[in-house]
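Commentary on secondary and tertiary structure
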Amino acid sequence: SISTYVGKDSTETTVTAKSEGITLIANTAVTKVTGNADVVVVAAGAEKYNEATGEIEHNDIKVESAKMPIARVEGENITVTLTINTQADDAEVTITGVDSEIIIESTASAKNVTLSAEGSKATVAGKVETIKVEETAKEAVVDTKSTAKVETVENKAESTTVKGSGTVTEVKSSENVTIET
C-alpha cells in the first residue's frame, strides 16, 4: 500500500519515505527523497510540462541515504540519482519513462537496473550486478564512469550503446550493440 504520497498540489521539495509501503511521487517540486521504503515510484505527474511549448522539460530527483527494494521511474524525461550510500535491489525505468535516466553514484549500489523505455539511460559510478536492457528500450545507453563496477549487461534492444571507462565484466546481447570504451 502507499505509505507516502506527494501529489501535484504539494509544495514539498524533500520527502522522507516511511519504512514500509510505497512512496509515490507525482509532483514537479520534489528534488530529494530520504529514508527507507519498500518501493519509491516517480510517476507520471512528476514531469515538468511547459504549456507554452507543449514540451516535457527535464526534472531531477536525488535519493539520499536510503535503502529500498525498488526504485522505479515511470514519468518522461526524469533523472533519478541514487546517491550517498543509497542501496536498491531493483532500479527501473519503466516503458512509460521515455528519455528518463537512473544514475548510480559512486557511493550507491543496485543489484539490478532495468531499462524498458525508449531512449532510457543508466549512468553508473557505483556497483551494479546486472543491467537489463529490454527489447522496448530502443537506443538505450549504459554509461559507466571510471569508478563503476558492473558485472553483466544483458541487452535485448536495438541500437543500444554501452560506453565509458568503468568495469563491465560481461555484455550479453541478442541485438547489435555498440561498445565504446
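To start, this report covers the structure provided alongside it. (Residues numbered from 1 in each chain as written. Predicted model: local features only at pLDDT ≥ 70, side-chain atom pairs only at ≥ 80, totals over all residues. Heavy atoms only, no water.)

1. Points about the overall build of the protein chain
The line we're drawing: Runs of E in the DSSP output that reach at least two residues are strands. Runs of H or I that reach at least four are helices, and both are numbered from the N terminus. The globule rule used here is 2.2 Å times the number of residues to the 0.38 power, and the radius of gyration it is set against is calculated over C-alpha atoms. Note on exposure labels: buried denotes an accessible area under 20% of the residue type's maximum, exposed denotes more than 50%, and partly exposed covers the range between, all computed with a 1.4 Å probe on protein chains only. Two residues qualify as a contact provided that any one of their heavy atoms is within 4.5 Å of a heavy atom in the partner residue. Here the open area of atoms and residues is found with the Shrake-Rupley method and a 1.4 Å probe, where only the protein chains shown may cover a residue. Charge assignment in this entry is limited to Lys and Arg as positive and Asp and Glu as negative, and neither His nor the chain termini are counted. Note on charges: their place is set at NZ of Lys, CZ of Arg, CG of Asp or CD of Glu.
The helix and strand inventory of the protein chain stands at zero helices and 19 strands. The C-alpha radius of gyration computed for the protein chain amounts to 16 Å, which stays within 12% of the reference 16 Å derived for 181 residues, consistent with globular compactness. For the protein chain, the C-alpha atoms occupy an extent of roughly 45 × 35 × 25 Å along the three principal directions. In the protein chain, buried positions account for 44% of the 181 residues. At a minimum sequence separation of 6, the contacts of the protein chain that also span at least 24 residues come to 18%. A total of about 8,600 Å² of accessible surface is found on the protein chain, and carbon and sulfur atoms cover 43% of it. Charged side chains in the protein chain number 17 positive and 30 negative. The centres of these two groups are separated by 6 Å.

2. Here's the deal with a negative patch on the surface
The condition is simple: Distance thresholds for patches are 9 Å for like charges and 5 Å for nonpolar side chains (Val, Leu, Ile, Met, Phe, Trp, Tyr), applied to residues having over 30% relative accessible area and no salt bridge. Salt bridges are defined as contacts in which a side-chain nitrogen from Lys or Arg sits within 4 Å of a carboxyl oxygen from Asp or Glu.
Together, Glu76, Asp99, Glu118 and Glu139 make up a negatively charged patch on the protein surface. Its location among the elements puts Asp99 in the loop between strand S10 (87-93) and strand S11 (101-104).

3. Some thoughts on the pattern of salt bridges
Evaluated as defined, the whole model comprises four salt bridges. The residue Glu92 makes a salt bridge to Arg72 at a minimum N-O spacing of 3.6 Å. Taken together, the residues span a long stretch of sequence, with Glu92 in strand S10 and Arg72 in strand S8 (residues 59-73) at a distance of 20 residues. The class of Glu92 is partly exposed, set by a relative accessible area of 22%. Accessibility expressed as a relative area gives 24% for Arg72, which makes it partly exposed.

4. What about the nonpolar core?
Stated formally: Buried Ala, Val, Leu, Ile, Met, Phe, Trp, Tyr and Cys residues form a nonpolar core when they are joined through side-chain atoms within 4.5 Å.
Ranked by internal contacts, the top residues of the largest apolar core, which has 41 residues, are Leu82, Ile104 and Ile131. Ranked by residue count, the leading element in this core is S8, at six residues. Beyond its immediate stretch of four places on either side in the chain, Ile131 contacts Val113, Val124, Val142, Val150, Thr152, Val153 and Glu154.

5. Comments concerning unusual backbone geometry
At Ile84, a residue that is not glycine, the phi angle is positive and equals roughly 45 degrees. Within the element layout of this structure, Ile84 appears in the loop between strand S9 (78-83) and S10. You can call Ile84 partly exposed: its relative accessible area is 39%. Even without being a glycine, Asn85 presents a positive backbone phi close to 65 degrees. Here Asn85 lies in the loop between S9 and S10.

6. Quick look at the environment of Ala110
The residue Ala110 is located in strand S12 (residues 109-115) in this model. Its relative accessible area of 4% is what places Ala110 among the buried residues. Sequence-wise, Ala110 and Thr11 are 99 residues apart; in three dimensions their C-alpha atoms are separated by 30 Å. Not counting chain neighbours up to four residues away, the residues in contact with Ala110 comprise Ala88, Asp89, Ile104, Lys127, Val128 and Glu129.

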